[in-house]
Amino acid sequence: MSSVVSHQMLQQIGLIGIHADLIRHADGDDLAAAVAQAKSNAAAIEEALGGVNRVLRDLLVFSRDLRLNLYEHRLADVLAECVEECQAQAAERAVTLRLECPAEPTVVLDKLKMKQAVVNVLRNAIEASPPGSWVVVRGSTRDGWAEVAITDRGPGIPEPDRNAIFTPFFTTKEQGTGLGLAIAREFTEAHGGRITVESEEGTGATFVLHLPLRPAGWGSGQHAAR
Ligand SMILES: Nc1ncnc2c1ncn2[C@@H]1O[C@H](COP(=O)(O)OP(=O)(O)O)[C@@H](O)[C@H]1O
Ligand SMILES: [Mg+2]
């Protein structure tokens, strides 16, 4: 894993070096042309820095301490916060988010980590959605488990990619880091849960996060309900 990161970083840093070098060695009589060239080099440097930033930010989340800070929360409240967090991105792409979840059920979880997991899946769903379509977030509980299902009407996931998408650094996006689903899986599994995907190519995808309502370690006395 670290060699993939190093490779990605070195590529971006190499680009930054090349463009800095071009600025430093700029010459010629046409000052206006030189300034225009320097500006375009600076823009390329900014873009490469953006790439380094994205990878570092996701890596930081990925390497976060996996000890869970468990409290009891209403599932509907947690999901509403996730939807709220993605509302601007959805609006920008003319995608409508719909939340369906009964008000009552509570689930014991590390809210920061599970919100991050759900938001990562939700952002992918929005990114895959055609303009004007819906993304539906459904929360439900059954037999000691909570399920969070996120459905989009995008292109779906080709059968051969359905395992690979969860491995770190697998991405099909030009600006992707390939860490969103790896993080979602890691945080879900840290709760004793799992994440699954169903997809019909051409008609969209549904990701389901399955979580125990009361994960192991809860109820040992050191946590208070909130
Ligand atoms: N809802 C979805 N519809 C289609 N493809 C998806 C969806 N969610 C994830 N994917 C695929 O899984 C890959 C990995 O996703 P992720 O780990 O979040 O990384 P990233 O979003 O940075 O590419 C994406 O690049 C995409 O190919
Ligand atoms: Mg993603």
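Owing to the predicted nature of the structure, the values given are computational and were not obtained by experimental measurement. (Residues numbered from 1 in each chain as written. Chains lettered and ligands numbered in written order. Predicted model: local features only at pLDDT ≥ 70, side-chain atom pairs only at ≥ 80, totals over all residues. Heavy atoms only, no water.)

Draft legend 1. Just the domain arrangement of the chain, in detail. In terms of domains, the chain is made up of domain 1 (2–62) and domain 2 (71–212). Here the C-alpha centroids of domain 1 and domain 2 sit 33 Å apart. The partner domain 2 presents 10 residues to the eight residues of domain 1 that form the contact. Viewed at the interface, domain 2 and domain 1 are joined by zero salt bridges. Linking domain 1 to domain 2 there are one residue pair in polar contact (both at pLDDT 80 or more). Of all the secondary-structure elements, those providing two or more residues to the side of domain 1 that touches domain 2 are α1 (2–24) and α2 (31–62). Tallying contributions element by element places α2 first for the side of domain 1 that touches domain 2, with six residues. Looking at the side of domain 1 that touches domain 2, its residues break down into six nonpolar, no polar and two charged. (Domains from an automatic or database assignment. Contact = heavy atoms within 4.5 Å. Salt bridge = Lys/Arg side-chain N within 4 Å of Asp/Glu carboxyl O. Polar contact = N/O pair within 3.5 Å; in protein donor to acceptor, adjacent residues only side chain to side chain. Helix = DSSP H or I, 4+ residues; strand = E, 2+ residues; numbered from the N terminus. Nonpolar A, V, L, I, M, F, W, Y, C, P; charged D, E, K, R; others polar.)

Draft legend 2. Seen up close, the pattern of salt bridges. Counting across every chain of the model gives 12 salt bridges. Close ionic contact of E104 with R74 constitutes a salt bridge, the shortest N to O distance being 3.6 Å. Here the residue E104 occupies a position in the loop between β2 (96–100) and β3 (106–109), and R74 occupies one in strand β1 (residues 71–74), the gap between them amounting to 30 residues. Among the residues examined, E104 registers a relative accessible area of 59% and is labelled exposed. A salt bridge links R162 to E159; the nearest nitrogen and oxygen atoms lie 3.1 Å apart. Residue R162 is classed as buried on the basis of its relative accessible area, which comes to 19%. (Buried < 20%, exposed > 50% of the residue type's maximum accessible area, 1.4 Å probe, protein only.)

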